[in-house]
Amino acid sequence: MDVLGILIPASLLLGGVGLAAFWWMLRKGQFDDPDGDAHRILREDYDDKPKR
């Protein structure tokens, strides 16, 4: 039972880190257009070597 004193805070800490990483990626726009690239490659005007 003493190990629960270590495992519960460790799991809460790891869960908090995962939640913070998710919110950070959400704010950075990581999930804005998940299907865009999949549909964009099927279009006729797709350019696989765009100019910068």
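Residues numbered from 1 in each chain as written. Predicted model: local features only at pLDDT ≥ 70, side-chain atom pairs only at ≥ 80, totals over all residues. Heavy atoms only, no water.

Enquirer: Provide a residue-level description of a nonpolar patch on the surface, including the pertinent values.
Expert: A cluster of nonpolar residues, Leu19, Phe22, Trp23, Trp24, Met25, Leu26 and Phe31, forms a patch on the protein surface that exposes about 720 Å² of accessible area. Locating Met25 in the fold gives a position in helix α1 (residues 4–27). In this structure Met25 comes out as partly exposed when scored by relative accessible area, which is 30%. (Patch = residues over 30% accessible without salt bridge, like charges linked within 9 Å, V, L, I, M, F, W, Y side chains within 5 Å. Areas by Shrake-Rupley, 256 points an atom, 1.4 Å probe, with all protein chains shown as cover. Salt bridge = Lys/Arg side-chain N within 4 Å of Asp/Glu carboxyl O. Helix = DSSP H or I, 4+ residues; strand = E, 2+ residues; numbered from the N terminus. Buried < 20%, exposed > 50% of the residue type's maximum accessible area, 1.4 Å probe, protein only.)

Enquirer: Talk me through α1; I want residue IDs and the actual numbers.
Expert: For α1, with 24 residues, the first-to-last C-alpha span of 34 Å sits near the 34 Å given by 1.5 Å per residue. Immediately downstream of α1, the backbone of Gly29 shows phi near 85 degrees, a positive value. (Expected span 1.5 Å × (residues − 1).)

Enquirer: How would you summarise the packing of aromatic side chains if you had to cite specific residues and measurements?
Expert: A full pass over the atoms with the stated rule returns two aromatic pairs. Plain terms: the ring middles of Phe22 and Phe31 are 5.9 Å apart, the flat faces sit at 35 degrees to each other, and that makes the pair tilted. Under the relative-accessibility criterion, Phe22 is labelled partly exposed at 38%. Three or more aromatic residues joined by ring pairs form one cluster here, namely Phe22, Trp23 and Phe31. (Phe/Tyr/Trp six-rings, centres within 6.5 Å; stacked < 30°, edge-to-face > 60°.)

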